[in-house]
Amino acid sequence: MAAVELEWIPETLYNTAISAVVDNYSRSRRDIRSLPENIQFDVYYKLYQQGRLCQLGGEFCELEVFAKVLRASDKRHLLHHCFQALMDHGVKVASVLANSFSRRCSYIAESDAHVKEKAIQFGFVLGGFLSDAGWYGDAEKVFLSCLQLCTLHDEVLHWYRAVECCVRLLHVRNGNCKYHLGEETFKLAQSYMDKLAKHGHQANKAALYGELCALLFAKSHYDEAYRWCIEAMREITVGLPVKVVVDVLRQASKACVVKREFRKAEQLIKHAVFLAREHFGHKHPKYSDTLLDYGFYLLNVDNICQSVAIYQTALDIRQSVFGGKNIHVATAHEDLAYSSYVHQYSSGKFDNALFHAERAIDIITHILPEDHLLLASSKRVKALILEEIAIDCHNKETEERLLQEAHDLHLSSLQLAKKAFGEFNVQTAKHYGNLGRLYQSMRKFKEAEEMHVKAIQIKEQLLGQEDYEVALSVGHLASLYNYDMNQYDDAEKLYLRSIAIGKKLFGEGYSGLEYDYRGLIKLYNSVGNYEKVFEYHNILSNWNRLRDRQFAVADALEDVSSSPQATEEVVQAFLLSQNHMAGRPCLG
């Protein structure tokens, strides 16, 4: 069933009445609170429309008022508008509500079980809203208070509540890059699951395993993430909330992408996009979540142009819901920045990519501490863009300034990654590889070689000899040897290895092959092997023709406008394709 359109267009007479109430707000403030929640919300939304944010903030900072507003569930889209406007205005409504709820939980610790149960249920709603709005730290505080209430009664109902609370807590800790705490949260959830099982009860584990998959994916533990996504898919049953199903499909798709199981990834993410649009509507944040993951899939299968379009649509949705200075908007800007950078790499037109990278950094630094891990990837993307702009710059002074800025950004990103993940991690290896490219541009060739070799060694040990990430670093080292160090024999071997991996994973029309082919043409020219020059000119011409045809398909969104399979069929098809596993995977 399609979602109700979240637009506020009341009848003229009703609108006039709401305006009259708002005009007399000071006198009718107490009476407003006795109105039904939908009408009460419309009064507050009119305050927002009139820019009366101080008065609106005074209302929303009261827990009882906000609790009632949250019950107007069909106006959640508009509530996000109001809430974000208050946060942008400097009204710290998220932390005020979280602190108020925490204090309330402390007051009722000795109350009857039903009082605590009611508080827990409200905490799930409040924390869920704050999580959806991107205020993860405040949502975490709410869920921790709920969890504390759950631990006060050692009985089945509260074990179920504790599991649900842990799932929500794991989600916000993932979103806030608190991965160590996330692992502890998962283990706590498992302990409650074990308690339930010992007493003959079972809780569905799909959401919990999906969140664990997200945690492991973020830490670049791709094999474990893949195994746990299989476990999550096994838990999908009829009657499970659509949001849970969509999120599990999304995580499973991403896990398949990094394992280069592209056909499975495509089926999963397309069904997730279809479900989200059908159930939540095309303006809903959950739909934008699926689009970001669809864009990730498209980018990784080398359909770069379509990925840019999908990322732009996701950003438009998030901006329409949350406004400007919101973490969800920042992540969409970053994804669009990187895909635009890749798309325009050969043209050198990076203005759009740079704009989105800078917007992402501006938003994150406005909201979060300057050493937050989320800044690492945004700074990395901006540094990559600045480096390319510098290379094409004809002013030596400007070039040096841009390269130095890129260097500072890369070093900052590397330190954040090492602090969070350690040395032996794919993310850290990526930053070493980025520094290698930058040092090449800065003509620091020995430093560049050192960084590329380090990146290759880490990636090979973690991902294997024939992974896409390995091919990227191998190609970059080949370029260094070819263009700047005259080590042609080493460069040739590396180019051929990079080409072989690229063709194996993506086929003859893979975009990255262009740079390897051009590198080999230059190499063979340098050593006087003109027969090979002619051969690779022909290969490059054939590549260009193949590339022109490869993604001539129209619109990626049109491709998911309908789903030929039911969810149960999609899940079963995925599970049947997996090898039977001897046992469950272990965390860490």
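Residues numbered from 1 in each chain as written. Predicted model: local features only at pLDDT ≥ 70, side-chain atom pairs only at ≥ 80, totals over all residues. Heavy atoms only, no water.

## Quick word on unusual backbone geometry
- Here the phi dihedral of Ser220 falls at roughly 65 degrees; this positive angle occurs in a residue that is not glycine.
- Take Ser220: it is sitting in the loop between α12 (206-218) and α13 (222-234).
- For Ser220, a relative accessible area of 8% corresponds to the buried category.
- Of note in this structure, Arg260 is not a glycine but carries a positive phi near 65 degrees.
- Considering the arrangement of structural elements, one finds Arg260 in the loop between α14 (242-258) and α15 (262-280). (Helix = DSSP H or I, 4+ residues; strand = E, 2+ residues; numbered from the N terminus. Buried < 20%, exposed > 50% of the residue type's maximum accessible area, 1.4 Å probe, protein only.)

## Some thoughts on the nonpolar core
- Membership of the largest hydrophobic core comes to 198 residues, with the highest contact counts inside it found for Phe60, Phe66, Phe83, Leu126, Met233, Tyr294 and Tyr297.
- If one sorts the elements of this core by residue count, α14 sits on top with 10 residues.
- In contact with Phe60, not counting residues within four places along its chain, are Tyr44, Phe66, Val69, Leu79, Cys82, Leu86, Val93 and Leu97. (Core = buried A, V, L, I, M, F, W, Y, C linked by side-chain atoms within 4.5 Å. Contact = heavy atoms within 4.5 Å.)

## A few points about the side chain of Lys379
- Secondary-structure assignment places Lys379 in helix α20 (residues 374-391).
- Buried charged residue Lys379 carries no salt bridge. Nearest counter-charge: Glu370, at 7.4 Å.
- At 2.9 Å, the side chain of Lys379 forms a polar contact with the side chain of Ser412.
- Filtering out sequence-adjacent residues up to four positions away, Lys379 remains in contact with Ile361, Glu370, Leu409, Ser412 and Ser413. (Lys, Arg positive; Asp, Glu negative; His and termini not counted. Salt bridge = Lys/Arg side-chain N within 4 Å of Asp/Glu carboxyl O. Polar contact = N/O pair within 3.5 Å; in protein donor to acceptor, adjacent residues only side chain to side chain.)

## Some remarks on the side chain of Lys205
- Mapped onto the fold, Lys205 is located in the loop between α11 (179-198) and α12.
- Buried Lys205, no salt bridge; nearest opposite-charge side chain is Glu235, N-O distance 4.4 Å.
- In this structure the side chain of Lys205 is engaged in a polar contact, spanning 3.3 Å, whose partner is the side chain of Gln202.

## Describing the packing of aromatic side chains
- Summed over all chains, the structure comprises 23 aromatic pairs.
- Every member of this aromatic cluster is reached through a ring pair, and the members are Tyr44, Phe60, Phe66, Phe83 and Phe129.
- Against the face of Tyr432 rests Lys454, its NZ or CZ located 4.6 Å from the ring centre.
- If you follow Lys522 out to its NZ or CZ, it ends over the ring of Tyr483, 5.4 Å from the centre. (Phe/Tyr/Trp six-rings, centres within 6.5 Å; stacked < 30°, edge-to-face > 60°. Lys NZ or Arg CZ within 6 Å of the ring centre and 35° of its normal.)

## Re α11
- In this model α11 runs 29 Å from its N-terminal to its C-terminal C-alpha over 20 residues, within 8% of the 28 Å that 1.5 Å per residue would give.
- For α11, the complete set of buried residues consists of Tyr179, Gly182, Glu183, Thr185, Phe186, Ala189, Tyr192, Met193 and Leu196.
- On its buried face, α11 sits against α10 (156-175), α12, α13 and α21 (396-421).
- Backbone geometry just downstream of α11 places Gly200 in the positive-phi region, at approximately 80 degrees. (Expected span 1.5 Å × (residues − 1).)

## Let's talk about the packing of helix α23 (residues 445-463) against helix α24 (residues 468-483)
- Running from N to C, α23 and α24 point in directions that differ by 160 degrees, and their axes come no closer than 9 Å. Classified by the angle their axes make, α23 and α24 are roughly antiparallel. Regarding α23 and α24, the two cross each other, and that crossing is left-handed. Residues Phe445, Ala448, Glu449, His452, Val453, Ala455, Ile456, Lys459, Glu460 and Leu463 of α23 touch α24, and the partners they reach there are Glu469, Val470, Ser473, Val474, His476, Leu477, Leu480 and Tyr481. (Axes fitted to C-alpha atoms, helices over the stretch in contact; angles between N-to-C directions. Parallel < 35°, antiparallel > 145°, perpendicular 65-115°, else oblique. Left-handed = near helix turned anticlockwise from the far one by under 90°.)

## Describing the state of the cysteines
- Under the defined criterion, the tally for this structure stands at zero disulfides.
- Of the cysteine sulfurs around Cys150, a residue in no disulfide, the closest is that of Cys165, at 5.2 Å.
- Just so you know, Cys213 is unpaired, no disulfide at all, and the nearest cysteine sulfur is the one on Cys229, 5.1 Å from it. (Disulfide = S-S within 2.5 Å.)

## Topic: the pattern of salt bridges
- Using the criterion set out here, one finds 37 salt bridges in the structure.
- Note that Arg29 and Glu59 form a salt bridge whose closest N and O atoms lie 2.7 Å from each other. Here Glu59 lies in helix α4 (residues 53-60) and Arg29 lies in helix α2 (residues 25-32), a separation of 30 residues in the sequence.
- According to the relative accessible area criterion, Glu59 is buried, its value standing at 0%.
- When salt bridges that share partners are traced, they join Lys243, Asp247, Arg250, Lys254, Lys286, Asp289, Asp293 and Arg318 into one network.

Purely geometric stuff here, so don't read any function into it on its own.
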